[in-house]
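Now for the letters of each chain:
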Amino acid sequence: AGAVTVANSGVVHTDVYAGPGANVGSAISAGAGSITGSRGSLNAEVVMPAVEAPNHGPSVGDLTFRQHTFQVAQNLHVNNLNIETNAIVTNRGHLTIVCDGTFELRNKSHIRLEGDATLELYLRGTGFIGQQAHFNVNTADAFRATIFYLGTDPLIMDNTADVYANIAAPDAQLQIGNSVHVRGNFIGREFQLRNTGDFTIAGSGS
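Just so it is clear, the model here is predicted, and its values are computed rather than measured.

## Topic: the side chain of N82
For step 1, the next point in the chain: Note that N82 resides in strand β8 (residues 81-84).
For step 2, the next point in the chain: Discounting chain neighbours no more than four positions away, the residues touching N82 are L63, T64, F65, T102 and E104.

Written out as structure tokens, the structure reads:
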């Protein structure tokens, strides 16, 4: 019961399914107009992906990008990664970044993909994107960036942000709120969308 709850002025513009064998009336709690698609239960369980971060050797330690424009052209393994205060981090090539601790993208900062670049971001600790942050907005292609969130604390996106990415969080909740706009797809343990946040499904893709 209550697997899906749509409250206040929230609206879901798609079909909504609870787990196999669910009592749809109690599993999906929503007013008459708050889900525009159909409601039902799945025929089979959705298997959560098993995600492991790649081995890029020992960590180079903490990295902070602040105020200036930076270019990243090689795979990285770091402890904590902070991108803040009007920083612009431009990625070149097909890159993987592994972060063991805290990842933060905040204060009007950008992560951009240049040319045909792609980005896989593996977060083992905690993650925050917000305070007028921009993630892959310059390409507006969610299938060029994937966030693999391997922690158990919530992955928080709050206080104004634009994000184009596919997101997997097998053991955690994704929280989207307060003028955060996400374009992509999500699979994870739990999903919370609140206040003026919105999530737009990117459609078919890898």
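## Notes on the environment of T200
For step 1, the next point in the chain: Turning to its location among the elements, T200 is positioned in strand β20 (residues 198-201).
For step 2, the next point in the chain: Between the C-alpha atoms of T200 and H181, which are 19 residues apart in sequence, the distance is 7.9 Å.
For step 3, the next point in the chain: When sequence neighbours within four positions are dropped, the list of residues in contact with T200 reads V182, R183 and G184.

## Overview of the packing of aromatic side chains
For step 1, the next point in the chain: Summed over the entire model, instances satisfying the criterion amount to four aromatic pairs.
For step 2, the next point in the chain: Consider the rings of F191 and F199, whose centres lie 5.5 Å apart with planes at 75°: the pair is edge-to-face.
For step 3, the next point in the chain: Here the aromatic residues F186, F191 and F199 are joined through ring pairs into a cluster of three or more.

## Focus: the pattern of salt bridges
For step 1, the next point in the chain: For the structure shown, the criterion picks out seven salt bridges.
For step 2, the next point in the chain: As a salt-bridge pair, R66 and E84 come within 2.5 Å of each other at their nearest N and O atoms. With a gap of 18 residues between them, R66 in strand β5 (residues 63-66) and E84 in strand β8 connect regions that are remote in the sequence.
For step 3, the next point in the chain: Its salt-bridge partner being R106, residue E104 comes within 3.1 Å of it at the nearest N-O pair.

Definitions and limits used
- Residues numbered from 1 in each chain as written.
- Predicted model: local features only at pLDDT ≥ 70, side-chain atom pairs only at ≥ 80, totals over all residues.
- Heavy atoms only, no water.
- Helix = DSSP H or I, 4+ residues; strand = E, 2+ residues; numbered from the N terminus.
- Contact = heavy atoms within 4.5 Å.
- Phe/Tyr/Trp six-rings, centres within 6.5 Å; stacked < 30°, edge-to-face > 60°.
- Salt bridge = Lys/Arg side-chain N within 4 Å of Asp/Glu carboxyl O.

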